[in-house]
Amino acid sequence: MKKIIIALTALAAVSAGAATLKLVVPPAQLSGTPVPIVLPNLDQYKGPQAEITVPDGVTNIAKGKAVTSSDDFPMIGELPLITDGNKDGAEGCYVELMEGVQWVQIDLGAAKDIYAVAMWHFHSQERAYKDVIVQVSDDPKFASGVKTIYNNDHDNSAKLGKGDKKAYIETNYGKLVDVSKTPVKGRYVRLYSNGSTTNGSNHYIEVEVFGK
């Protein structure tokens, strides 16, 4: 069993000192009646995330780490689900936060070199989440030293700056934010969203932070 778990870390050596990072994805679990996805900055791609090359020793350093949120009392689920390693899309595997701009924050325990962040908001129904922003900082309040590594808020509606990324359709493949060519260092990773094309609530199934 231990060998199987290690095989699912999504890393495979490709050369001395380097490895390929390929996300391990859960089975597709689409159900229910689809809701039209209408956004002005939407990327229609719904396939697997591209593989990237990272240094040897890079792993998911968010697994089991403490999670806090702007919503102290989620409507569904508990915050530890976000880093428990389970990417299943069924009820009982995700957290639902209240409407509006909300965030979840992972404490890595110490400043780490970060090469990529992967996230699964919701994948039992195709939808796109609005104002998805990922930031890294050593300040737990994100008042200083903030580095934004992903932002698809095209009109600055979250008031955190206008982003240049496109909104994307949620699937079991998740979303990989690649900063492997210019790694960032920090202790805290904060992820924002502002409802989806389905409803105003905010959801998280899993967040992985790949670093060392």
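Above: the structure in question.
Not measured: the values here are computed from a predicted model.

Moving on, we get to the packing of aromatic side chains. Throughout the structure, instances matching the rule amount to 1 aromatic pair. Ring centres of Tyr94 and Phe122 lie 5.2 Å apart, and the angle between their planes is 70 degrees; this geometry places the pair in the edge-to-face category. One end of the pair, Tyr94, is in the loop between β6 (67-69) and β7 (95-97); the other, Phe122, is in the loop between β8 (102-120) and β9 (133-137), and 28 residues separate them in sequence. Here Tyr94 falls in the buried class, since its relative accessible area comes to 8%. Just above the ring of Phe122 sits the side chain of Arg127; from NZ or CZ to the centre is 4.0 Å. A cation over a ring is seen here: Arg190 above Trp103, with NZ or CZ 3.7 Å from the ring centre.

It is worth spelling out the environment of Ala28 at this point. Assignment of secondary structure puts Ala28 in the loop between β2 (18-21) and β3 (42-43). Along the primary structure Ala28 and His123 are separated by 95 residues, whereas in three dimensions their C-alpha atoms are 7.4 Å apart.

Counting 43 residues, the largest nonpolar core has Val117, Met119, Leu191, Val207 and Val209 as its most contacted members. Broken down by secondary-structure element, the contributors of at least two residues to this core are β4 (52-55), β7, β8, β9, β10 (147-151), β12 (175-178), β13 (184-193) and β15 (206-211). It is β8 that contributes the most residues to this core, 10 residues altogether.

On to the pattern of salt bridges, then. Under the counting rule described, the total for this entry stands at 4 salt bridges. Lys46 is paired through a salt bridge with Glu126; the nearest N and O atoms lie 3.3 Å apart. Of the two residues, Lys46 is situated in the loop between β3 and β4 and Glu126 in the loop between β8 and β9; the sequence distance between them amounts to 80 residues. Given a relative accessible area of 38%, Lys46 falls into the partly exposed group. Take Glu126: its relative accessible area is 26%, and that puts it in the partly exposed class.

Moving on to the side chain of Ser196. By secondary structure assignment, the location of Ser196 is in the loop between β13 and β14 (202-204). At a separation of 3.1 Å, a polar atom in the side chain of Ser196 contacts the main-chain amide nitrogen of Thr198. When near neighbours in sequence (up to four residues on either side) are disregarded, Ser196 contacts Arg127, Ala128, Tyr129, Lys130 and Ser201.

Conventions used here
- Residues numbered from 1 in each chain as written.
- Predicted model: local features only at pLDDT ≥ 70, side-chain atom pairs only at ≥ 80, totals over all residues.
- Heavy atoms only, no water.
- Phe/Tyr/Trp six-rings, centres within 6.5 Å; stacked < 30°, edge-to-face > 60°.
- Helix = DSSP H or I, 4+ residues; strand = E, 2+ residues; numbered from the N terminus.
- Buried < 20%, exposed > 50% of the residue type's maximum accessible area, 1.4 Å probe, protein only.
- Lys NZ or Arg CZ within 6 Å of the ring centre and 35° of its normal.
- Core = buried A, V, L, I, M, F, W, Y, C linked by side-chain atoms within 4.5 Å.
- Salt bridge = Lys/Arg side-chain N within 4 Å of Asp/Glu carboxyl O.
- Polar contact = N/O pair within 3.5 Å; in protein donor to acceptor, adjacent residues only side chain to side chain.
- Contact = heavy atoms within 4.5 Å.

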